[in-house]
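Next come the chains, spelled out residue by residue.
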Amino acid sequence: MGSGRSSHLPAPTRARLGSSTWRSMHPSPRRPAAATSNPAMLLLLLCLGWAPPGWGWSRGSSRGTAGLPPNATTPISIMGLMPVNQSEEESRITQGVLPAVYLAMDQIRNESLLNPYSLDLRVYDTECDNAKGLKAFYDAIKFGPNHLMVFGGVCATVTSIIAESLKGWNLVQLSFAATTPELADKKKYPYFFRTVPSDNAVNPAILKLLKHYHWKRVGTLTQDVQRFSEVRNNLTDVLDGKDIEISDTESFSDDPCTSVKKLKGNDVRIILGQFNEEMAVKVFCCAYDEEMYGSKYQWIIPGWYENLWWEAWINSSQCLSKNLLTAMEGYIGVDFEPLSSKTNKTISGRTPQQYEKEYNARRGDGQSSKFHGYAYDGIWVIANSLQRAMSYLNSTNEHQKIEDFNYSNQKLGNIFLSAMNETRFFGVTGEVVFKNGERMGTIKFTQFQEQKEVKVGEYNAVDDTLIIINNSIRFQGVEPPKDKTIIQEELRKISLPLYSILSALTILGMIMASAFLFFNIKNRNQKLIKMSSPYMNNLIILGGMLSYASIFLFGLDGSFVSEKTFETLCTVRTWILTVGYTTAFGAMFAKTWRVHAIFKNVKMKKKIIKDQKLLGIVGGMLLIDLCILICWQVVDPLRRTVEKYNMEPDPAGRDISIRPILEHCENTHMTIWLGIVYAYKGLLMLFGCFLAWETRNVSIPALNDSKYIGMSVYNVGIMCIIGAAVSFLTRDQPNVQFCIVALVIIFCSTITLCLVFVPKLITLRTNPDAATQNRRFQFTQNQKKEDSKTSTSVTSVNQASTSRLEGLQSENHRLRMKITELDKDLEEVTMQLQDTPEKTTYIKQNHYQDLNDILSIRNFTDGKAFWMESAQASLIQTSEFRFEVYKDGEKAILKNHLDQNPPAQWGSSDPSRTSKDPIEDINSPEHIQRRLSLQLPILHHAYLPSIGGVDASCASPCVSPSASPRHRHVPPSFRVMVSGL
């Protein structure tokens, strides 16, 4: 270090340094390490005037006028504290700013701004060391002239120590390169000012940029260094209350990858970083590995890095240069603006561009620094403040001058402090104005584009304005990145073409149902339709049309109706479908039940089941439905719920994610209510299946729909089960679900209506009377079933069972044969009685058994008679014979019911007979002959209809003796009455 340092300073610098200053730049050998270990003790010793051995103290000339022009009568000293040692990196700043400093001093002297004074800057080397900086400061105070102000302060630690003690010396310090936020504390550093914006000054600019692009959600990534932590803390304060959320705050010491992963996990898209160049390389390598770059992310980092900063640290990372540059592409750097881009003239009368040319010419090939403009404006600030102080002193007439200042003159110190606070002018770095000692400067924005940084905008802190240069910011997407993953909820709605197609099919189904209704009403008086219960048919059609109508409601979702209307539709469509199902199948099953009740009437009683009763049954089913639905609506009504699904990328490639949502009609206990409804409908279906099976052998088309009901129940059951299962599995696909539900309803309703009405339509068109023909009961011997039932066609509303009909038919046939035999015997007896009266005894003795056989007919008919009524005619007509049998011991006497009191002519016989026993008189041969001659032909004639003889409705069988050869011997003069059916 030693002697070679001065050779690197520019010649004007050496010329302007006084002898004391020059000696301070060439100190004696370094002091022992122990001497600098305690800055507080060192400060105390320096105040006492003691210096450690071996330290070189600067005792210069009175005011150091070397290098000043001859006409400068009164130089005023300014203490310059900055590192000059070339071995320190910060010394490059000094080498870069001194040409600008002396350029400003020359311009001020030439303009005689401080006439009769001139500025004399004396530079003291702090070497960016706390102890050496303090020594240089106290050397300047003890051995140098009275310095009116302190100019400089590059290293943060040295500057903060010196600035804290300025109040005791009444010195105002102005820094051009100390950007540490710590120095903004005016309570601790009340006499400290700086022309360069602090690191915290970028935060208002960042806030403006965030608002410009409507970024309201950010995250921070900070290196664990005090400088960066202070900026981060200040940023938090700046963003507080500005409607911008810091969603995640991460910090790291050496490896930032963990923090980068956390930022990605928290969906942070706008990252505000605070770290140095070395850590920046590691950060972007991690960002590349985590794919946190490109169109979805925006990095905002410090902009004070050196040019091509990544090249010095790329070898220390595990990242390829290509990958690093890919991740870096598009980052935005934020830093103060070295020179104003405006073309306005500054306080010196030059534009910033003119100044830059003069500066470059003065420094030549020497080191440049981005702080040179702030140092240049700093000298103008000092001159402007002193000029204002001079004006103030002249206006007060206190006869005090600025050269009268000393370190104990608090009054002049306060005047200088006030003058500094009132500074405001346009300099080469922009508007120069202080707020609490902080420079309200201009902040620039640069963007890394194609491996180079390009200025894209600037922020003016004085006006609080942000200017983006010709929309030069390039985002890698079609638009600026979003501050978070924008989740755009997209309703999964039913396709309009699909809804239109299914609605058209539904309309066709309703037209078909209307045609069936018209057919049913028009032909309601036809026997085929009338016997099939047209009112029940109308209910079946009505239920089908309600089921069809529910399809229109199932297809209406949030894309067609509002949320409130959709919630109402949830209830309406459930009610319509439930009522429609019950109406259609309830009416169908009620019809089947009536057929079942008639044909399974084991008590053989007459039954009349009218349509009103069937309507009551359907009404009861609907009443159960209404009870369930009302309880459902009151206790736990259906409401609109929204189901959200996993996010999907935007098909259009935008920086958004699509979250599909789907509307459902649900409630708290949906499973319970559906279970109740399904259980009730399932029982109804099972009951219908049972009725269809029981009536399967009834083959009257007009009455029996069991085959079609069975087919309908089978199809509906299978389709409902399959439809419900597939609909549940496709609940996240509304188009598929709606298509399945609609097709199931259309199919079930259509197949049910067609099975009920198409056969009737065909039958009525081809053979209208086929279903109403009265068929006779026939005995069938080749039945395949064990019960040997005979299928018969009946038109009566009261029917006997098939098995009993078979037995009665057989018994009827046997009785006919028996009556035929008895008829022959009766005819023989009649012939004998008419020819030979003496044969009465033979008859009395030998034919009582035959007469008793005839009388036994009554006992059989009384026990075996049955009634079979039909809508058209009686199946079997039978005759009932009524005889009264009086037994007197072994005698059987026939008594004529029509002749209980004999006529008067019978009483004209021998009067002596009236005194005899009535039994003997009745059983006399004359009476027997007379009664038999009358009763036997009557009995024969009355029984003929049962075996195919003359009609029993004939009131007088004796009117035409030639009608039957069996009655040719019957006298026509007797009045008789035949009781027969």
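The numbering scheme is per chain: residues are counted from 1 as the chain's sequence reads. The predicted nature of this model means local features are confined to residues of pLDDT at least 70 and side-chain atom pairs, given and counted, to a pLDDT of 80 or more, with totals for whole chains, interfaces and linings taken over all residues. The side-chain values count all of the structure's non-hydrogen atoms but skip hydrogen atoms and water molecules.

Enquirer: Mind showing me how you'd approach the overall build of the protein chain here?
Expert: Per the convention used, a helix needs a DSSP run of H or I reaching at least four residues, while a strand needs a run of E reaching at least two, with both numbered from the N terminus. Of regular secondary structure, the protein chain possesses 28 helices and 22 strands. For each residue, the accessible area found with a 1.4 Å probe, counting protein chains only, is set against the maximum for its type, and the residue is called buried under 20%, exposed over 50%, and partly exposed in between. For the protein chain, the proportion of its 981 residues judged to be buried stands at 47%. For the protein chain, contacts bridging at least 24 residues in sequence account for 73% of all contacts bridging at least 6. With residues, only the protein chains shown are counted as cover, and all accessible areas are computed by Shrake-Rupley using a 1.4 Å probe. For the protein chain, the accessible area works out to roughly 48600 Å², and carbon and sulfur atoms hold 54% of it. Two residues form a contact once any of their heavy atoms are found within 4.5 Å.

Enquirer: What am I meant to see in the sheet that holds strand S13 (residues 438-439) here?
Expert: Paired strands, in this sense, are two strands between which DSSP finds at least two bridges. The strand order across the open sheet formed by 3 strands is S11-S12-S13, and the pairing between neighbours is antiparallel. Here the strands that pair on one side only, and so sit at the sheet edges, are strand S11 (424-427) and S13. Across 2 bridges, strand S12 (residues 430-435) lies against S13 in antiparallel orientation. The residue bridging Phe434 from the neighbouring strand is Arg439, located in S13. Along the sheet, helix H14 (residues 372-396) contacts S11, S12 and S13; its crossing angle with S11, the most-contacted strand, is approximately 145 degrees. Working convention: axes come from line fits to C-alpha atoms, limited for helices to the stretch in contact. Angles between N-to-C directions cover 0 to 180 degrees.

Enquirer: When you look at the pairing of S11 in this model, what are you seeing that I'm missing?
Expert: Consecutive side chains of a regular strand alternate in pointing toward one face of the sheet and then the other. Pairing between S11 and S12: 4 bridges, direction antiparallel. Each bridged residue has a counterpart across the sheet, and for Phe425 the counterpart in S12 is Val432. Counted between consecutive antiparallel strands, the loop separating S11 from S12 contains 2 residues.

Enquirer: What's the story with the state of the cysteines in this structure? I'm lost.
Expert: Put plainly, a disulfide is one covalent bond tying together the sulfur atoms of two cysteines. Count a disulfide wherever a pair of cysteine sulfur atoms falls within 2.5 Å. Taken as a whole and assessed by the stated rule, the structure comprises 3 disulfides. Paired by a disulfide, Cys128 and Cys155 hold their sulfur atoms 1.4 Å apart. Taken together, the residues Cys128 in the loop between strand S2 (117-125) and helix H5 (130-143) and Cys155 in the loop between strand S3 (147-152) and helix H6 (156-164) connect sequence positions 27 residues apart. Both residues of the pair, Cys128 and Cys155, belong to the buried class. The disulfide bridge from Cys257 ends at Cys286, spanning 1.9 Å between sulfur atoms. Taking the sign of the torsion about the S-S bond as the criterion, the disulfide between Cys257 and Cys286, at about -65 degrees, is left-handed. Note that Cys257 is positioned in helix H10 (residues 257-265) and Cys286 in helix H11 (residues 277-289), a separation of 29 residues in sequence. Taken in sequence order, the bonded cysteines of the protein chain link in the pattern 1-2, 3-4, 5-6.

Enquirer: Help me understand unusual backbone geometry in this model?
Expert: Peptide bonds are, in most cases, trans, and in most cases residues other than glycine have a negative phi. The omega torsion of the bond from Asn115 to Pro116 falls at 15 degrees, within 30 degrees of zero and hence cis. In this structure, Pro116 sits in the loop between helix H4 (91-110) and S2. Although it is not a glycine, Asp243 adopts a positive phi angle of roughly 60 degrees. If you trace the backbone, Asp243 turns up in the loop between helix H9 (226-239) and strand S7 (245-252). Not every positive phi belongs to a glycine, and Asp464 is a case in point at roughly 55 degrees. Its location among the elements puts Asp464 in the loop between strand S15 (452-460) and strand S16 (465-468).

Enquirer: It is not clear to me how the packing of aromatic side chains should be interpreted in this structure. Could you clarify?
Expert: One pair of aromatic rings is described through two measures. These are the centre distance and the angle between the planes. Aromatic pairing here means that ring centres of Phe, Tyr or Trp (its six-membered ring) are within 6.5 Å. Orientation follows from the plane angle: under 30 degrees is stacked, over 60 is edge-to-face, and everything else is tilted. Tallied over the full model, the rule gives 31 aromatic pairs. Between Tyr288 and Tyr293, the ring centres sit 5.3 Å apart and the planes meet at 10 degrees, which makes this aromatic pair stacked. For Tyr288, a relative accessible area of 24% corresponds to the partly exposed category. Look at Tyr293 and you get partly exposed, because its relative accessible area is 25%.

Enquirer: Help me understand the environment of Gln451, please; the structure alone is not making it clear to me.
Expert: One can find Gln451 in the loop between strand S14 (442-449) and S15. In the structure, Gln451 is positioned 122 residues away from Glu329 in sequence and 7.3 Å away in space, judged by C-alpha atoms. Once you skip the residues sitting within four places of it in the chain, Gln451 turns out to touch Trp310, Leu325 and Glu329.

Enquirer: Please explain helix H8 (residues 202-212) as it appears in this structure.
Expert: One turn of the α-helix equals 3.6 residues, which is why residues spaced by three or four share an orientation. If you check which residues of H8 are buried, you get Val202, Asn203, Ala205, Ile206, Leu207, Leu209 and Leu210. Where H8 ends, the next residue or the one after it, His214, has phi of about 60 degrees, a positive value.

Enquirer: Help me understand the side chain of Thr179, please; the structure alone is not making it clear to me.
Expert: For Thr179, the position within the fold is in the loop between strand S4 (172-175) and strand S5 (192-194). In this structure Thr179 comes out as buried when scored by relative accessible area, which is 9%.

Enquirer: What's the story with the pattern of salt bridges in this structure? I'm lost.
Expert: Side-chain pairs of opposite charge can arise whenever the charged atoms involved come near each other. The term salt bridge refers to a pairing of a side-chain nitrogen on Lys or Arg with a carboxyl oxygen on Asp or Glu at a separation within 4 Å. As enumerated under the stated definition, the model contains 26 salt bridges in all. One salt bridge in this structure joins Arg640 and Glu563, with 3.7 Å as the shortest N-O distance. Linking Arg640 in strand S18 (residues 639-644) with Glu563 in helix H19 (residues 563-599), this pair joins segments that are 77 residues apart in sequence. Here Glu663 ties to Arg640 by a salt bridge, and the two come within 2.6 Å at their closest N and O atoms. Residue Glu663 is found in strand S20 (residues 656-666), and its partner Arg640 is found in strand S18; the two are separated by 23 residues along the sequence. Taken together, the salt bridges that share partners define one network made up of Asp106, Arg109 and Arg362.

Enquirer: I keep staring at the packing of H4 against H14 and nothing clicks. Help me out?
Expert: The description of two helices packed together rests on the angle between their axes and the distance between the axes. Put simply, H4 and H14 touch, their axes get as near as 8 Å, and they point 35 degrees apart. When you trace H4 past H14, the crossing you get is right-handed. Contacts from Gly96, Val97, Ala100, Val101, Leu103, Ala104, Met105, Gln107 and Ile108 in H4 reach His372, Ala375, Tyr376, Ile379, Trp380 and Ala383 in H14. Split into classes, the residues belonging to the contact of H4 with H14 amount to 12 nonpolar, 3 polar and no charged. A clockwise turn of the near helix away from the far one marks a right-handed crossing, whereas an anticlockwise turn of less than a right angle marks a left-handed crossing. Put simply, Ala, Val, Leu, Ile, Met, Phe, Trp, Tyr, Cys and Pro go in the nonpolar bin, Asp, Glu, Lys and Arg in the charged bin, and everything else, Gly too, in the polar bin.

Enquirer: What's the story with the pairing of S4 in this structure? I'm lost.
Expert: Burial of the side chains of S4 extends over both faces: Val172 and Leu174 are buried on one face and Gln173 and Ser175 on the other. Bridge count between S3 and S4: 3 bridges; the pairing is parallel. Along S4, the bridge assignment pairs Phe151 with Leu174. Sheet topology places S4 next to S5; 3 bridges connect them, and they run parallel. Within S5, the position partnered with Ser175 by the bridge is Arg194.

Enquirer: Would you explain a nonpolar patch on the surface in this entry?
Expert: Together, Ile501, Leu505, Ile507, Leu508, Ile511 and Leu743 make up a nonpolar patch on the protein surface, roughly 550 Å² of accessible area in all. The dominant element in the nonpolar patch, judged by the number of residues it contributes, is helix H16 (residues 496-522), at 5 residues. Patch membership requires more than 30% relative accessible area and the absence of a salt bridge. Residues of like charge join within 9 Å; the nonpolar side chains Val, Leu, Ile, Met, Phe, Trp and Tyr join within 5 Å.

Enquirer: Got a minute to help me understand the packing of helix H18 (residues 534-554) against helix H23 (residues 734-766) in this structure?
Expert: The interhelical angle for the contact between H18 and H23, taken along N-to-C directions, is 165 degrees, at an axis separation of 10 Å. It follows that H18 is roughly antiparallel to H23 by the angle criterion. Considering the relative orientation of H18 and H23, their crossing is left-handed. Across from Asn537, Ile540, Ile541, Gly544, Ser547, Tyr548, Ser550, Ile551 and Phe554 in H18, the residues of H23 making contact are Phe738, Ala742, Ile745, Ile746, Ser749, Thr750, Leu753, Val756, Phe757 and Lys760. Here the contact of H18 with H23 is composed, by residue class, of 12 nonpolar, 6 polar and 1 charged. Note on angle classes: values under 35 degrees are labelled roughly parallel, values over 145 roughly antiparallel, values of 65 to 115 roughly perpendicular, and the remainder oblique.

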